[in-house]
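# A structural walkthrough
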Amino acid sequence: MSDSKYITLVSYDGFEYVVLREAALVSETIKAMLKGPFREAQTGRCEFGEIRGPVLEKVVEYFHYYHANRDQTDVPDMDIPVDICLELLMAADFLGLDSKPQMRDLS
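- Looking at an unreviewed UniProt entry, one finds the protein chain named Elongin-C and attributed to Triangularia verruculosa.
- Quoted verbatim from the Function (unreviewed entry) heading of the UniProt record, the comment on the protein chain is "Essential component of the SCF (SKP1-CUL1-F-box protein) E3 ubiquitin ligase complexes, which mediate the ubiquitination and subsequent proteasomal degradation of target proteins. Controls sulfur metabolite repression, probably by mediating the inactivation or degradation of the metR transcription factor."

### A word on the side chain of H67
- Tracing the backbone through its elements, the reader meets H67 in helix α4 (residues 53-69).
- On the basis of relative accessible area, H67 is assigned to the buried category, the value being 14%.
- Here H67 is in contact with L20, E22 and A23, once residues within four sequence places are set aside.

### Quick look at helix α5 (residues 85-94)
- L88, A91 and A92 are the residues of α5 that are buried. In a view along the axis of α5, the buried residues occupy a sector of 100°, so they form one face of it. Seen from the buried face of α5, the exposed residues on the opposite side, beyond 90 degrees, are L86, L89, M90 and D93.

### A word on the confidence of the model for the protein chain
- Here the protein chain shows a mean pLDDT of 89. Residues at 70 or above account for 90%.
- A low-confidence stretch, residues 102-107 stays under pLDDT 50, and its non-local contacts, those more than four residues away or across chains, total 11 contacts.

### Re the nonpolar core
- L9, V19, I30, F48, V59, F63 and L97 are the most contacted members of the largest nonpolar core, which totals 28 residues.
- Top element by residues in this core is α4. It accounts for 7 residues.
- Among all residues touching L9, those that are not within four sequence positions of it are F15, E16, Y17, V19, I30, C46, F48, L56, V60 and F63.

### Re the sheet that holds strand β2 (residues 16-20)
- As summarised here, the arrangement of the 3 strands in space is β2-β1-β3, forming an open sheet in which the pairing is mixed. Strands with a single pairing partner mark the edges of an open sheet, and in this sheet they are β2 and β3 (45-47). Pairwise comparison of adjacent strand axes, ignoring direction, gives a mean angle of 25° for this sheet.
- Two strands pair when backbone bridges link them, and strand β1 (residues 6-10) and β2 are joined in this way by 5 bridges, in the antiparallel orientation. Within the sheet, the bridge partner assigned to I7 lies in β2 and is V19.
- Most of the contacts of α4 go to β2, to which it runs at about 10°, and overall it touches β1 and β2.

Reading the values: rules and limits
Residues numbered from 1 in each chain as written. Predicted model: local features only at pLDDT ≥ 70, side-chain atom pairs only at ≥ 80, totals over all residues. Heavy atoms only, no water. UniProt positions renumbered as here; feature names shortened; annotations may be inferred. Helix = DSSP H or I, 4+ residues; strand = E, 2+ residues; numbered from the N terminus. Buried < 20%, exposed > 50% of the residue type's maximum accessible area, 1.4 Å probe, protein only. Contact = heavy atoms within 4.5 Å. Arc of directions from axis to C-beta. pLDDT = per-residue confidence, 0-100. Core = buried A, V, L, I, M, F, W, Y, C linked by side-chain atoms within 4.5 Å. Pairing = 2+ DSSP bridges. Axes fitted to C-alpha atoms, helices over the stretch in contact; angles between N-to-C directions.

Below is the structure:
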């Protein structure tokens, strides 16, 4: 089992993003992939055959943004490019991010 501080997320078009493991674990899907006898748990590398690079990049940005601001209140919204909104919504649903509380609701 890979217990590295970082994991690698790979989009279907080959873009690779190194992410703080703790930040990525906000995703229920990634958390499940990194547990048990799965290849991802052994290698610390998660491949997403249905998520494009620019969309996965914004997901990674969200992971770090959420992680950095998780104990804060009154955090501004992230900027989301209009051209990836639908794909980002589908990726968030797939990754189990749609059920996460808003940062301002954590206080």
